Amino acid sequence: MRPRKILTAGLILALMVTGGAYWLLQRPLPERYQSWLKERVVLPSQTPGKQLTVTFLGTTTLLFSDGRNALMTDGFFSRPGLLSLLLGRFAPDTALIARQLTALGVTQLDAVMPVHSHHDHAMDAPEVARQTGAVLLGSDSTRQIGLGAGLPEQQIGVVTPGTTRAFGDFSVTWLDSPHSPVPPLIARLTGNGEVITAPVMQPATLRDYKEGQTFALLVEHPAATILVLGSAAANPEALKGTQVDGVFLGVATLSKQPSADQQALVKTTIVQTGAKWVIPIHWDDFTQPAEPALVPMPTRIDDLLGTLEALQEQLEVSRSEDSSSPHLALLPMRGQVQIE
Ligand SMILES: [Zn+2]
């Protein structure tokens, strides 16, 4: 081939690659989901005088606090980038975790509770436990992450479906819950359906953080009863008879599920539990920094607007005649649900 032809072919290829990447990685502009975002959602307490604040910290990390006790789901802050996830080993960013805890005013936590052992839920939990004195509570796979990170054995507790632990006015029950379905290649990369059987030495690879047992958490407090679902799937048996005031619903990949599955999830977790409010979590791209603002996943990978619209529609369809549909809102980084 003549140099000019090679140059032309190279240019066309570069254009195709750039165009393809642009098509694949486009995200919804903030103004498209701005109307869903609420810095603060204020809801009435079930017990006069009892208050509770839940702060959203990206992915499925939530800080529950009633002024006396504080609990955190996941405690995931490091958010390693896509290249690190696919090609390398990554470790908790201890300085970033310290800055985030300081910004929240958290010096002490009773417990940090990963909903399963994938990196975007459990990788930082031992470091959060170390910095706050919290006990790390999770599956045996999560325990292996804690041990690998050098957390003392007495600061780790293994829970199984049905375990309940009390912290002041809080009572937390771990319920069995399935992981949301993921494509076979991703499932292999992330050890879906697999357990961790030896301490995970950090830095570690994506595949080292195998799923382990996935839980839904039922957080009971005099102010409110709250269900936390980290992954967009539910076990109807485990939730049978459970009544809650509100749900934090993990929505990652929900837009890729068939409409019938979306409806079943709404029915099991929101309609049958009598929830009066729903806050989608795991809506942000966890390979991107949380500051200055959380950003949604690229639309081709997970369609946040589609998810919100589908949720709203299904909530309206499924509401009973004598009640209004549950309140649906998206929280930004450090957005809060205040129950007072
Ligand atoms: Zn996961």
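Below is a summary of the structure that appears in this document. Keep in mind the model is a prediction, meaning the values are calculated, not measured. (Residues numbered from 1 in each chain as written. Predicted model: local features only at pLDDT ≥ 70, side-chain atom pairs only at ≥ 80, totals over all residues. Heavy atoms only, no water.)

### Describing the overall build of the chain
Helix and strand counts for the chain stand at 11 helices and 15 strands. Against the 2.2 N^0.38 benchmark of 20 Å for 340 residues, the chain shows a C-alpha radius of gyration of 21 Å, consistent with a compact globule. Expressed along its principal axes, the backbone C-alpha trace of the chain runs to roughly 80 × 55 × 35 Å. Considering only contacts within the chain whose residues lie at least 6 apart along the sequence, 70% involve residues at least 24 apart. A total of about 15400 Å² of accessible surface is found on the chain, and carbon and sulfur atoms cover 57% of it. Within the chain, one finds 25 positive and 31 negative side-chain charges whose respective centroids are separated by 9 Å. (Helix = DSSP H or I, 4+ residues; strand = E, 2+ residues; numbered from the N terminus. Rg over C-alpha atoms; globule rule 2.2 N^0.38 Å. Contact = heavy atoms within 4.5 Å. Areas by Shrake-Rupley, 256 points an atom, 1.4 Å probe, with all protein chains shown as cover. Lys, Arg positive; Asp, Glu negative; His and termini not counted. Charge placed at Lys NZ, Arg CZ, Asp CG, Glu CD.)

### Some details on the packing of helix H4 (residues 94–104) against helix H6 (residues 125–132)
Their axes nearest at 10 Å, the elements H4 and H6 cross at an angle of 55 degrees. One way to sum up the angle between H4 and H6 is to call them oblique. Seen along the crossing, H4 lies across H6 with a hand that is right-handed. On H6, the residues that touch Thr 94, Ile 97, Ala 98 and Leu 101 of H4 are Glu 127, Val 128, Gln 131 and Thr 132. Across the contact of H4 with H6, the residue classes tally to 4 nonpolar, 3 polar and 1 charged. (Axes fitted to C-alpha atoms, helices over the stretch in contact; angles between N-to-C directions. Parallel < 35°, antiparallel > 145°, perpendicular 65-115°, else oblique. Left-handed = near helix turned anticlockwise from the far one by under 90°. Nonpolar A, V, L, I, M, F, W, Y, C, P; charged D, E, K, R; others polar.)

### With respect to the coordination of the zinc ion
Surrounding the zinc ion are the protein donor atoms His 116 (NE2), His 118 (ND1) and His 179 (NE2), at 2.1 to 2.2 Å. On the basis of relative accessibility, which here comes to 1%, the residue His 116 falls in the buried class. (Donors = N, O, S within 2.8 Å, 3.2 Å for Na, K, Ca; no water. Buried < 20%, exposed > 50% of the residue type's maximum accessible area, 1.4 Å probe, protein only.)

### Section: the packing of aromatic side chains
All chains considered together, the criterion is met by 4 aromatic pairs. Note on Tyr 33 and Trp 283: the rings are 6.0 Å apart at their centroids and 55 degrees apart in plane angle, and the pair reads as tilted. Of the two residues, Tyr 33 sits in helix H2 (residues 30–33) while Trp 283 sits in the loop between strand S13 (277–281) and helix H11 (304–318), which places them 250 residues apart along the sequence. Of the two residues, Tyr 33 and Trp 283, both sit in the buried class. (Phe/Tyr/Trp six-rings, centres within 6.5 Å; stacked < 30°, edge-to-face > 60°.)

### With respect to the sheet that holds strand S7 (residues 156–158)
Here we have 8 strands laid out as an open sheet, ordered S1-S15-S2-S3-S4-S5-S6-S7, and mixed in their pairing. What marks the edges here is a single partner per strand, and that holds for strand S1 (40–43) and S7. Averaged over all pairs of adjacent strands, the angle between strand axes in this sheet comes to 20 degrees, irrespective of strand direction. H6 rests against strand S4 (70–73), strand S5 (111–113) and strand S6 (135–138) of the sheet, and its axis sits at about 175 degrees to S5. (Pairing = 2+ DSSP bridges.)

### Remarks on the sheet that holds strand S10 (residues 215–220)
Pairing between the strands of a sheet is mediated by backbone hydrogen bonds and can be parallel or antiparallel. In space, the 7 strands of this open sheet follow the order S8-S9-S10-S11-S12-S13-S14, with mixed pairing throughout. Two strands close off the open sheet at either side, each with one partner strand: strand S8 (164–167) and strand S14 (327–328). By the bridge criterion, 6 bridges tie strand S9 (residues 170–176) to S10 in an arrangement that is antiparallel. Along S10, the bridge assignment pairs Thr 173 with Leu 218.

### Thoughts on unusual backbone geometry
Cis geometry is adopted by the peptide bond preceding Pro 203, which originates at Gln 202 and carries an omega value of 0 degrees. Turning to its location among the elements, Pro 203 is positioned in the loop between helix H8 (184–189) and S10. Following Glu 291, the chain continues to Pro 292 via a peptide bond in cis, the omega torsion being 5 degrees. Residue position: Pro 292 is located in the loop between S13 and H11. Positive phi is not limited to glycine here, since Thr 59 has a value of about 50 degrees. You can see Thr 59 is positioned in the loop between strand S2 (52–56) and strand S3 (62–65). Positive phi is not limited to glycine here, since His 282 has a value of about 60 degrees.

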